[in-house]
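# Structural description and commentary
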Amino acid sequence: MSEKAKIVLLANSVKNGLYCVAGINIENKEWIRIVEDSQGKEISWYNYFIKNTDKKPPPILSLLEIEIEQRYPYYHQTENCKIKPNITYLEELSKDKLENFVQNPSVLWDINDRMSLSDIKNRKVKSSLYLIKVDKVKLYLKDRTEYNKQPQRRANFKYNGFEYDLAITDVKYGNRNLYPIEIENPYLVVSLGEPFRGENFDDYYCFKIVAGIITWKKFSQ
């Protein structure tokens, strides 16, 4: 049975050439990650019909009314949901109201840049998404020429006394010519990614990623 919800859109993240979109239910403050199917496949977000005047995908901080068709929770991503395409744009959330949704975990699951899938299962991780606020974040490019890959977008920040250095997947920061960037007082959406097989092949890992960077400072794209 389908269910309606009002969410504030907080992350639009690149995933396999498409999008991983997530927001918080404003009534119960639970996360909803919008996926294509039971396997957690990324979505063609730009193909969803938005009922507003310009018919463009809604920006971050949009308040949307959605209809959940089916929930597909996984160990590593309990919030996965497939929704119907009849999304309704309501309004844009203001900065002061965003503060109501900031979360304060003691650590971001743990202090590393990844978690093993077995650890996630054993600890029964309830949420794979957090909205946090930090004093400062440094965005930079990590060289990967030894792997014949493009430089990786990374975010370095401190949270509750621990330093984190995580990959960035936020679509707004895809222009590598912008880097390095230092942003003060940003809101970050931190997520557990898809399972990745470890080098010793005895376990799978979920890397932590910065799926959303929310700031009121403007950058030229």
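Presented here is an overview of the structure given in this document.

Definitions and limits used
- Residues numbered from 1 in each chain as written.
- Predicted model: local features only at pLDDT ≥ 70, side-chain atom pairs only at ≥ 80, totals over all residues.
- Heavy atoms only, no water.
- Helix = DSSP H or I, 4+ residues; strand = E, 2+ residues; numbered from the N terminus.
- Rg over C-alpha atoms; globule rule 2.2 N^0.38 Å.
- Buried < 20%, exposed > 50% of the residue type's maximum accessible area, 1.4 Å probe, protein only.
- Areas by Shrake-Rupley, 256 points an atom, 1.4 Å probe, with all protein chains shown as cover.
- Lys, Arg positive; Asp, Glu negative; His and termini not counted.
- Charge placed at Lys NZ, Arg CZ, Asp CG, Glu CD.
- Salt bridge = Lys/Arg side-chain N within 4 Å of Asp/Glu carboxyl O.
- Contact = heavy atoms within 4.5 Å.
- Core = buried A, V, L, I, M, F, W, Y, C linked by side-chain atoms within 4.5 Å.

So, on to the overall build of the protein chain. If you tally the helices and strands in the protein chain, you get two helices and 14 strands. By the compact-globule yardstick of 17 Å for 221 residues, the protein chain fits well, its C-alpha radius of gyration being 17 Å. Burial statistics for the protein chain: of 221 residues in total, 46% are counted as buried. When the accessible area of the protein chain is evaluated, it comes to approximately 12,000 Å², of which 46% is carbon and sulfur surface. Where the 34 positive side-chain charges of the protein chain centre and where its 30 negative ones centre are 2 Å apart.

Once that is clear, we can look at the side chain of R153. Locating R153 in the fold gives a position in strand β10 (residues 152-159). Buried within the structure, R153 lacks any salt-bridge partner; D170 is the closest side chain of opposite charge, at an N-O distance of 6.3 Å. Filtering out sequence-adjacent residues up to four positions away, R153 remains in contact with Y140, L141, L166, A167, I168, T169, D170, Y173, G174, R176 and Y179.

Taken as a class, soluble globular proteins show a tendency for nonpolar side chains to be buried jointly. One finds L10, I66 and L131 to be the most contacted residues of the largest nonpolar core, which totals 32 residues. Elements represented by at least two residues in this core include exactly β1 (3-15), β2 (18-25), β3 (31-34), β4 (62-71), β5 (80-83), β8 (129-133), β13 (187-197) and β14 (204-214). Residue contributions to this core peak at six residues, all from β1. With near-sequence residues (within four places) excluded, L10 lies in contact with A22, G23, I24, W31, I60, L61, L98, L131, V189, G212 and I214. Grouped together as the second largest cluster of nonpolar side chains are 28 residues, W109, I120, Y159 and Y173 included.

Another point: the pattern of salt bridges. Taken as a whole and judged by the stated rule, the model has ten salt bridges. A salt bridge links E3 to R71, with the shortest nitrogen-to-oxygen separation between them at 3.0 Å. Placement of E3 in strand β1 and of R71 in strand β4 is noted, with a sequence separation of 68 residues between them. Among the ionic pairs, D113 bridges to R114, the shortest N-O distance being 2.9 Å. Take R114: its relative accessible area is 34%, and that puts it in the partly exposed class.

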